[in-house]
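Structural overview for review
So you can see what is in the structure, the chains are spelled out below.
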Amino acid sequence: MPSPRLLAFAGSLREDSFNRKLVRAFADAAREAGADVTLLDLREYPLPVYDGDIEARGMPDAVRSLQALLAEHDGLLISSPEYNGGVPALVKNTLDWVSRPQENGDSGVALYRGKVAGICAASPGGLGGMRGLIALRDLLAKLGLWVAPSQLAVAGAADAFDDQGRLKDEGQRKSLARLAGEAVTAARALRKT
Ligand SMILES: Cc1cc2nc3c(=O)[nH]c(=O)nc-3n(C[C@H](O)[C@H](O)[C@H](O)COP(=O)(O)O)c2cc1C
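This write-up is about the structure you can find in this document. Note that the coordinates shown come from a computational prediction; the quantities given were computed from them, not determined experimentally. (Residues numbered from 1 in each chain as written. Predicted model: local features only at pLDDT ≥ 70, side-chain atom pairs only at ≥ 80, totals over all residues. Heavy atoms only, no water.)

This part takes up helix H5 (residues 130–142). Residue pairs spaced three or four apart in an α-helix point in one direction, given the helix's 3.6 residues per turn. Along its 13 residues, H5 runs 19 Å from first to last C-alpha, staying within 8% of the 18 Å computed at 1.5 Å per residue. Backbone geometry just downstream of H5 places Gly144 in the positive-phi region, at approximately 95 degrees. (Helix = DSSP H or I, 4+ residues; strand = E, 2+ residues; numbered from the N terminus. Expected span 1.5 Å × (residues − 1).)

What follows deals with the nonpolar core. Grouped together as the largest cluster of nonpolar side chains are 31 residues, with contacts concentrated most on Leu22, Ala30, Leu77, Leu167 and Leu176. Tallying contributions element by element places helix H1 (residues 18–32) first for this core, with eight residues. The contacts of Ala30, once residues within four sequence positions are left out, are Leu6, Ala35, Val37, Leu77, Ala180 and Val184. The next biggest cluster of nonpolar side chains, apart from the first, holds 30 residues, and it includes Leu7, Leu70, Ile119 and Val147. (Core = buried A, V, L, I, M, F, W, Y, C linked by side-chain atoms within 4.5 Å. Buried < 20%, exposed > 50% of the residue type's maximum accessible area, 1.4 Å probe, protein only. Contact = heavy atoms within 4.5 Å.)

Let us look at the packing of aromatic side chains. Applying the stated rule across the entire model yields one aromatic pair. Above the ring of Phe18, the side-chain terminus of Arg14 is found at 5.3 Å from the ring centroid. (Phe/Tyr/Trp six-rings, centres within 6.5 Å; stacked < 30°, edge-to-face > 60°. Lys NZ or Arg CZ within 6 Å of the ring centre and 35° of its normal.)

On to unusual backbone geometry. The phi angle at Asn84 is positive, at roughly 50 degrees, despite the residue not being glycine. Position of Asn84 relative to the elements: it lies in the loop between strand S3 (75–79) and helix H4 (89–98).

Turning to the pattern of salt bridges, a few remarks are in order. Overall, the coordinates contain 10 salt bridges when judged by the stated rule. With a closest N to O distance of 2.9 Å, Glu15 and Arg43 form a salt bridge. Here Arg43 lies in the loop between strand S2 (36–40) and helix H2 (52–57) and Glu15 lies in the loop between strand S1 (5–10) and H1, a separation of 28 residues in the sequence. For Glu15, a relative accessible area of 55% puts it in the exposed group. Overall, the relative accessible area of 44% leaves Arg43 in the partly exposed class. For Arg191, the salt bridge is made with Asp74, and the minimal N-O distance between the two is 3.7 Å. (Salt bridge = Lys/Arg side-chain N within 4 Å of Asp/Glu carboxyl O.)

Within the secondary structure, Gln67 sits in helix H3 (residues 61–71). Among the polar contacts made by the side chain of Gln67, one reaches the main-chain carbonyl oxygen of Val98 at a distance of 3.0 Å. The contacts of Gln67, once residues within four sequence positions are left out, are Trp97, Val98, Arg100, Pro101, Gln102, Gly108 and Leu111. (Polar contact = N/O pair within 3.5 Å; in protein donor to acceptor, adjacent residues only side chain to side chain.)

For the rest of this paragraph, the subject is the site of the ligand. With respect to spatial proximity, 13 residues lie near the ligand, and among them Ser12, Ser17, Glu82, Asn84 and Ser123 are the closest. One nitrogen or oxygen atom from the side chain of Glu82 is found 2.7 Å from a nitrogen atom belonging to the ligand. In isolation the ligand has 620 Å² of accessible area, and contact with the protein removes 69% of it. Residues of the shell around the ligand, tallied by class, amount to four nonpolar, six polar and three charged. (Near = heavy atom within 4 Å. Areas by Shrake-Rupley, 256 points an atom, 1.4 Å probe, with all protein chains shown as cover. Nonpolar A, V, L, I, M, F, W, Y, C, P; charged D, E, K, R; others polar.)

Glancing now at H3. Three or more residues of H3 are buried, namely Ala62, Val63, Leu66, Gln67, Leu69 and Leu70. Down the axis of H3, the smallest arc covering the buried residues is 160 degrees, so these residues share one side. On its buried face, H3 is in contact with S1, S2, S3 and H4. (Arc of directions from axis to C-beta.)

Quick look at the structure:
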C-alpha cells in the first residue's frame, strides 16, 4: 500500500518564523511515521485577500496550483501562529481561496472533504498559540477534514529550537511524534485510493 501523502505548510510568511521551524519538525515526524510529505512555502503562492471580482476576472494561478496539490494529497499538516487568539488571515484566506470551484466546476471544498489534518502552533508567548488552534480545528472541521485529536502548542518559541531547528524539549518532540502518528494513521485509514 502506498504511503499517505501529506501537504505541510506554516501559517506565517516571515523568514525566521517559529512556525516554519515547527512545521519542518512536524514534516520530519510525519515522514518517520511513514508519510510522504510535501513541504510548501506559502510565499510561493501569493494570494490577494479574497475578492469575488478578482475571482470573476479569472482564478489566480496560485489557487489552481494549490488545488492541484491538494488533490494529490491525503491531508494537511499545519503549524500556525495565533493572531489575537484566532487564525491568521493568511491561513483563513488561503483555505478560503482553495475552497472555491475547481477548473472543472467541481466544488473546491470537495478537495478537503474526508481528508486528514494535524495542527500545531508556536509562539514566543506563554500559551504557544493554543487559542488559535481551537479556531483552526473548528475551521478545518467545517471544511470536512478529520482533525487529529492531539495537538501541540509550543510556548516560549524563541528558546524552543536548537541550531538545527529541532525542538529542544523531549516531551514536545514526543508530543509532535504522537500527533504526526495520529495524522498518518488516519490518512492511511481514510484514503480513497
Ligand atoms: C497581529 C498579531 C497578533 C498576534 N497575536 C498573538 C496572540 O494572540 N497570541 C500569541 O501568542 N502571539 C500573538 N502574536 C505574536 C506572534 O505569536 C509572533 O509574532 C510569532 O512570532 C508569529 O509566528 P511566526 O514566528 O511563525 O511568524 C501576534 C502577532 C501579530 C503580528
